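Structural overview for review
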Amino acid sequence: MTANMHAFANGADLAGKLADKVAETLSAGIAARGSASIAVSGGSTPKAFFQALSSRSIDWGKVTITLVDERFVPADNPRSNHLLVQENLLKDKAAAARFLPLYQAAASVEEAAAIATEKTKAVGHPFDVAILGMGNDGHTASFFPGGSNLQTALDPNTPRGIITMEAEGAGEPRLTFTFSSLQDARLLVLHIEGEGKKDVLAKAEAAGEETEMPIRAVLRRAASPVEIYWAP
Ligand SMILES: O=C1O[C@H](COP(=O)(O)O)[C@@H](O)[C@H](O)[C@H]1O
């Protein structure tokens, strides 16, 4: 419903300021409820932010970290979002956090989604923090244009949890939290970098179908304000 733009001079500045804001929100969650949760994205954008966040002094033992979405690949695959988080976030002070992976070594991606839904069902009602990314095709999480489960993923009446997604632009089959799981995070961030992504955002903010650019569902219908963090 509401989007607030936070623009920074460069990626390093953004990473530090976003880490400060996320650490503050997680600490407030711990103070209010005794624990806190965060769902993060993969891709090429969040590495510097993860590294900055890992050094923040909060009570990481009370924090659960999970992923917004994941490829149906094991954690040693270079395309795994789990691997990205393992190498860049679950270290330094943040090594004390609990991590809940979405990938499960199941016979099918559908079975993996059911197991991951069960294993994550105690967190995220709502998440304290959800960090979304956005692809050049307007996807966010694994809500891909033309995705096999896109309508279900974006339906506000779909229960919280993880569903599967296959799409031409997605590579491997995917596991993704649904829109209903992410849209009410206490701090809902869209983290994008580069002039190209700014242009994609402008296109998404214009009129058009959500199914063409699924990030529109978040920009238009999220219950929480969308805090857009951008750097050139
Ligand atoms: O496929 C994915 O891509 C998006 C965006 O990635 P980027 O490389 O353009 O930053 C990401 O948000 C999502 O988690 C990931 O699975």
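Structure: above.
The following paragraphs examine the structure supplied in this document. Being a predicted model, the structure only gives us computed values, none of them experimental.

If you look at the biggest cluster of nonpolar residues, it comprises 76 residues, and the most contacted ones within it are Val22, Ile38, Ile65, Leu182 and Leu190. In terms of residue count, helix H1 (residues 11-33) provides more of this core than any other element does, 8 residues in total. Sequence-distant contacts of Leu182, defined by excluding residues within four places in its chain, comprise Ala39, Val68, Phe127, Ala130, Leu132, Ala141, Phe143, Phe177 and Leu188.

Let us now look at the pattern of salt bridges. Going through the model one piece at a time under the given rule, you end up with 13 salt bridges. Where Lys62 meets Asp59, a salt bridge forms, and the shortest distance between an N and an O atom there is 3.2 Å. Taking the relative accessible area as the measure of exposure, Lys62 reaches 40% and is therefore partly exposed. Each of Arg33, Asp128 and Arg186 takes part in salt bridges that share partners, so that together they form one network.

The environment of the ligand is formed by 13 residues, the closest being Ser44, Thr45, Asp69, Arg174 and Lys197. Residue Gly42 places a main-chain N or O atom 3.0 Å away from an oxygen atom belonging to the ligand. Separating an oxygen atom of the ligand from a backbone N or O atom of Ser44 is a distance of 2.7 Å. The class makeup of the residues in the shell around the ligand is 1 nonpolar, 8 polar and 4 charged.

Aromatic ring pairs are defined here through the distance separating the ring centres and the angle between the ring planes. Tallied over the entire structure, the rule returns 4 aromatic pairs. For the pair Phe8 and Tyr229, a centre-to-centre distance of 5.5 Å together with 15° between the ring planes defines the contact as stacked. Residue Phe8 is located in the loop between strand S1 (3-7) and H1, and its partner Tyr229 is located in strand S10 (residues 226-231); the two are separated by 221 residues in the primary sequence. By the burial criterion, Phe8 is buried, and Tyr229 matches it. Here Phe127 and Phe177 contribute two aromatic rings whose centre-to-centre distance is 5.3 Å and whose plane-to-plane angle is 90°, an arrangement assigned as edge-to-face. Here Phe127 is found in the loop between helix H4 (109-119) and strand S6 (129-132), whereas its partner Phe177 is found in strand S8 (residues 174-177), with 50 residues between them in sequence. Just as Phe127 is buried, Phe177 falls in that class too. Looking at Lys198, its charged tip hangs above the ring of Trp230, at a distance of 4.2 Å from the centre. A cation over a ring is seen here: Arg221 above Phe179, with NZ or CZ 4.5 Å from the ring centre.

Turning next to unusual backbone geometry. At the junction of His125 and Pro126, the peptide bond is cis and its omega measures out at 5° in the coordinates. Among the structural elements, Pro126 can be located in the loop between H4 and S6. Positive phi, normally seen in glycine, also occurs at Asp92, with a value near 50°. When you line up the elements, Asp92 lands in the loop between helix H3 (81-88) and strand S5 (98-100). The phi angle at Ala141 is positive, at roughly 45°, despite the residue not being glycine. You can see Ala141 is positioned in the loop between S6 and helix H5 (150-154). Judged by relative accessible area, which is 6%, Ala141 ranks as buried.

The strand order S4-S8-S7 describes an open sheet built from 3 strands, whose pairing is antiparallel. Looking at the sheet topology across the chains shown, the edges are occupied by strand S4 (69-71) and strand S7 (162-165). Neighbouring strand axes in the sheet, compared pairwise and without regard to direction, differ in orientation by 20° on average. Relative to S8, S4 runs antiparallel, the two sharing 3 bridges. The partner of Glu70 across the bridge, within S8, is Leu175. Those strands touched by H4 are S7 and S8, and its axis lies near 160° from that of S7.

Rules behind the numbers
- Residues numbered from 1 in each chain as written.
- Predicted model: local features only at pLDDT ≥ 70, side-chain atom pairs only at ≥ 80, totals over all residues.
- Heavy atoms only, no water.
- Core = buried A, V, L, I, M, F, W, Y, C linked by side-chain atoms within 4.5 Å.
- Buried < 20%, exposed > 50% of the residue type's maximum accessible area, 1.4 Å probe, protein only.
- Helix = DSSP H or I, 4+ residues; strand = E, 2+ residues; numbered from the N terminus.
- Contact = heavy atoms within 4.5 Å.
- Salt bridge = Lys/Arg side-chain N within 4 Å of Asp/Glu carboxyl O.
- Near = heavy atom within 4 Å.
- Polar contact = N/O pair within 3.5 Å; in protein donor to acceptor, adjacent residues only side chain to side chain.
- Nonpolar A, V, L, I, M, F, W, Y, C, P; charged D, E, K, R; others polar.
- Phe/Tyr/Trp six-rings, centres within 6.5 Å; stacked < 30°, edge-to-face > 60°.
- Lys NZ or Arg CZ within 6 Å of the ring centre and 35° of its normal.
- Pairing = 2+ DSSP bridges.
- Axes fitted to C-alpha atoms, helices over the stretch in contact; angles between N-to-C directions.

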